[in-house]
Amino acid sequence: MISLLNTRPQPQALTQAIEQACPAQVRVIESPLQKLVPLPLLPENQQQFSWQMADIWVFVSANAVAFFHQALQAQDVSGPPPSVALVAVGQATWQALVD
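Residues numbered from 1 in each chain as written. Predicted model: local features only at pLDDT ≥ 70, side-chain atom pairs only at ≥ 80, totals over all residues. Heavy atoms only, no water.

1. Let's talk about helix H3 (residues 62–74)
Applicable threshold: For helices the rule is a DSSP run of H or I covering at least 4 residues; for strands it is a run of E covering at least 2, with both sets numbered from the N terminus onward. In this analysis, the expected span of each helix is defined as 1.5 Å times one less than the number of residues it contains. Exposure is judged per residue with a 1.4 Å probe applied to protein chains only, and the accessible area is read against the type maximum: over 50% gives exposed, under 20% gives buried, and values in between give partly exposed. Arc definition: directions from the helix axis to the C-beta atoms. Any pair of residues with heavy atoms lying within 4.5 Å of one another is described as a contacting pair.
Between its terminal C-alpha atoms H3 stretches 19 Å, which fits the 18 Å expected from 13 residues at 1.5 Å a residue. Inspection of H3 places Val 65, Phe 68, Ala 71 and Leu 72 among the buried residues, and these make up the whole buried set. Seen end-on, H3 carries its buried residues on one side only, within an arc spanning 125°. For H3, the elements touching its buried residues are strand E3 (56–59) and helix H4 (91–98). Looking one or two residues beyond H3, the residue adopting positive phi is Asp 76, at roughly 55°.

The following block contains the structure:
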């Protein structure tokens, strides 16, 4: 049996995929070495650039979608303006946008 050390910040999805693919051959040890936390939308960034006026919003992870959604809610914004194109890098990111 192979032991695999999974150091991803939120390792559950990768662990589940590995355990489902080869349950008898791999033992996964979850040991996150990072913690993902959202940063606030700083007032000085809002003054330099209005994200509401952007033409395209690009999200590179499901976490980015979740954190940005939290930031929108904090500003009482329900979602992107209709004119904004949404771009997702990867299927999980797209699924987070759809949800």
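2. Focus: the packing of aromatic side chains
As a reminder of what qualifies: The rule is short: rings of Phe, Tyr and Trp, with Trp giving its six-membered ring, pair when the centres are within 6.5 Å, and they are stacked under 30 degrees, edge-to-face over 60, tilted in between.
Under the definition given, this model contains 3 aromatic pairs. Plain terms: the ring middles of Trp 57 and Phe 59 are 6.5 Å apart, the flat faces sit at 75° to each other, and that makes the pair edge-to-face. According to the relative accessible area criterion, Trp 57 is buried, its value standing at 7%. You can call Phe 59 buried: its relative accessible area is 7%. Consider the rings of Trp 57 and Phe 68, whose centres lie 5.1 Å apart with planes at 75°: the pair is edge-to-face. Separated by 11 residues along the polypeptide, Trp 57 in strand E3 and Phe 68 in helix H3 bring together distant segments of the chain. Of the aromatic side chains, those joined through ring pairs into one cluster are Trp 57, Phe 59 and Phe 68.

3. Some words on the nonpolar core
Rules: Buried Ala, Val, Leu, Ile, Met, Phe, Trp, Tyr and Cys residues that are joined via side-chain atoms within 4.5 Å together make up what is termed a nonpolar core.
Ala 54, Trp 57, Phe 59, Val 65, Phe 68, Leu 72, Val 77 and Val 84 form the largest nonpolar core, which has 8 residues in total. Every element with two or more residues in this core is listed here: E3 and H3. Counting residues per element, this core draws most heavily on H3, at 3 residues.

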